[in-house]
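Residue-level structure breakdown
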Amino acid sequence: MTLNSMTGFARVDGTATGLTWFWELRSVNGKGLDIRTRLPAGADALEPHIRKAISGTLKRGNCSVTLAVKRDARGASITLNEPLLHELVEIGARASAIAKTPEPSIEALLAIRGVIDFSEGDDASDGYEAHRPALMTSFADLVTQVMEARRAEGERLHTALTKQIDTIDALIDQLDQAPGRSIERIREKFLVRVERLMADHDVIDANRIQQEVVLLATKADIEEELARLVSHVAAARKLLGSDEPVGRQLDFLSQEFNREANTVCSKSHDEEVTQIGLQLKTVIDQFREQVQNIE
């Protein structure tokens, strides 16, 4: 049995000649497999390899990939955007005159984005290509760690979902055994209501009473709903024991569970049956909420 969650996170650090980096991969719930990347300038060529590595392992989930890189400072250059700095000095002087405040400091001006450019050189993309084997080996370790995190969370979810299915199964059995479903109990309740309505009036014909009781019993009959619920329980147990991604199937099954529980509650004319039906709906809602995390 393998049940995987869609939630996981991992970080992996790496180093090579002249380069240090860290990868981060965060995975959360998603209808399909959606991969988004945040890569340094010049590292775009890594994206196809990233997508291939993830799609070969994960089947569903919204995945966010981040790569942060620090190069050896040797060979890097710092340039000053003089036209932008001149313009900022003039703007700062005018603004200070209007507001009657001191002009901005040089530190504040140099901190503005674009005034100073730190360049790693024109061969940045070549550098990533040269380090691609090391980077992707590191990334493979990252995907493995996320997969392990998703599997560990999947084991917890498997335990919770199995308990919920056991509870649903027990509630179905309670519905099946509920005394309020019997035609005798329906007849008793109907006669009590008839007696209240008739008071001192003539007694209603016995045949008419029997017809009304049969009609009520037919409307309140939930045998088909119980049979489908039992079938859904068996299907859920089978899916929970599968080695394939079953999140979508379990989500659909939870909707079918809810449909039958709603019908049971709408048909009920007995307080006990209604209460059991409401308990059933509550557990089914909890089941469906957990299922949203399954791959």
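Up top you'll find the structure we're talking about.
Described in the following lines is the structure provided in the data block.

Right, let's talk about the overall build of the chain for a bit. When helices and strands are counted, the chain shows ten helices and six strands. Taking contacts inside the chain between residues at least 6 apart in sequence as the whole, the part at least 24 apart equals 78%.

Okay, the packing of aromatic side chains next. Counted by the stated rule, this structure contains two aromatic pairs. Between Phe 257 and Phe 287 the ring centres are 6.1 Å apart and the planes differ by 80 degrees, which places this aromatic pair in the edge-to-face class. In this pair, Phe 257 is assigned in helix α9 (residues 247-267) and Phe 287 in helix α10 (residues 271-291), connecting sequence segments 30 residues apart. Exposure remark for Phe 287: the relative accessible area of 0% places this residue in the buried category.

On to the side chain of His 232. By secondary structure assignment, the location of His 232 is in helix α8 (residues 223-240). Residue His 232 is classed as buried on the basis of its relative accessible area of 13%. Excluding residues that lie within four positions of it along the chain, His 232 makes contacts with Leu 253, Glu 256, Phe 257 and Glu 260.

This part is about α10. When the terminal C-alpha atoms of α10 are compared, their 30 Å separation across 21 residues agrees well with the 30 Å that a helix rising 1.5 Å per residue should span. Within the span of α10, buried status applies to Val 273, Ile 276, Gly 277, Leu 280, Lys 281, Val 283, Ile 284, Phe 287, Gln 290 and Val 291. Of the surrounding elements, those touching the buried residues of α10 are α5 (132-177), α8 and α9.

Turning to a nonpolar patch on the surface, a few remarks are in order. A cluster of nonpolar side chains, Ile 78, Leu 80, Ile 106, Leu 110 and Ile 116, forms an exposed patch at the surface whose accessible area comes to about 440 Å². Among the elements of the structure, β5 (77-80) and α3 (106-110) are those that each provide at least two residues to the nonpolar patch. Judged by relative accessible area, Ile 78 falls into the exposed class, the value being 62%.

Before going further, it helps to examine the nonpolar core. Ile 165, Ile 168, Leu 250, Phe 257 and Leu 280 are the most contacted members of the largest nonpolar core, which totals 30 residues. Within the residue set of this core, elements represented by two or more residues are α5, α8, α9 and α10. Leaving out residues up to four positions away in the same chain, Ile 168 has contacts with Val 233, Phe 257, Leu 280, Val 283 and Ile 284. Leu 25, Ile 35, Leu 46 and Phe 139 belong to the second-largest nonpolar core, a separate cluster that totals 23 residues.

This part covers the environment of Arg 26. By secondary structure assignment, the location of Arg 26 is in strand β2 (residues 19-28). Taking C-alpha positions, Arg 26 is 6.7 Å from Val 65, a pair spaced 39 residues apart along the chain. For Arg 26, the residues in contact, after removing those within four places along its chain, are Gly 8, Phe 9, Asn 62, Cys 63 and Ser 64.

When strand β1 (residues 8-16) meets β2, the two strands line up antiparallel, connected through nine bridges. In the strand pairing of β2, Arg 11 is matched with Glu 24. Two successive antiparallel strands, β1 and β2, enclose a turn made up of two residues, where Gly 18 displays a positive phi of approximately 75 degrees.

Relative to strand β4 (residues 61-71), strand β3 (residues 33-38) runs parallel, the two being bridged by six bridges. Its bridge partner lying in β4, Leu 33 is registered against Gly 61. As for the winding sense of the linkage, the β-α-β connection from β3 through helix α1 (residues 47-55) to β4 is left-handed.

Criteria and thresholds
- Residues numbered from 1 in each chain as written.
- Predicted model: local features only at pLDDT ≥ 70, side-chain atom pairs only at ≥ 80, totals over all residues.
- Heavy atoms only, no water.
- Helix = DSSP H or I, 4+ residues; strand = E, 2+ residues; numbered from the N terminus.
- Contact = heavy atoms within 4.5 Å.
- Phe/Tyr/Trp six-rings, centres within 6.5 Å; stacked < 30°, edge-to-face > 60°.
- Buried < 20%, exposed > 50% of the residue type's maximum accessible area, 1.4 Å probe, protein only.
- Expected span 1.5 Å × (residues − 1).
- Patch = residues over 30% accessible without salt bridge, like charges linked within 9 Å, V, L, I, M, F, W, Y side chains within 5 Å.
- Areas by Shrake-Rupley, 256 points an atom, 1.4 Å probe, with all protein chains shown as cover.
- Salt bridge = Lys/Arg side-chain N within 4 Å of Asp/Glu carboxyl O.
- Core = buried A, V, L, I, M, F, W, Y, C linked by side-chain atoms within 4.5 Å.
- Pairing = 2+ DSSP bridges.
- Right-handed = clockwise from strand over helix to strand, strands pointing away.

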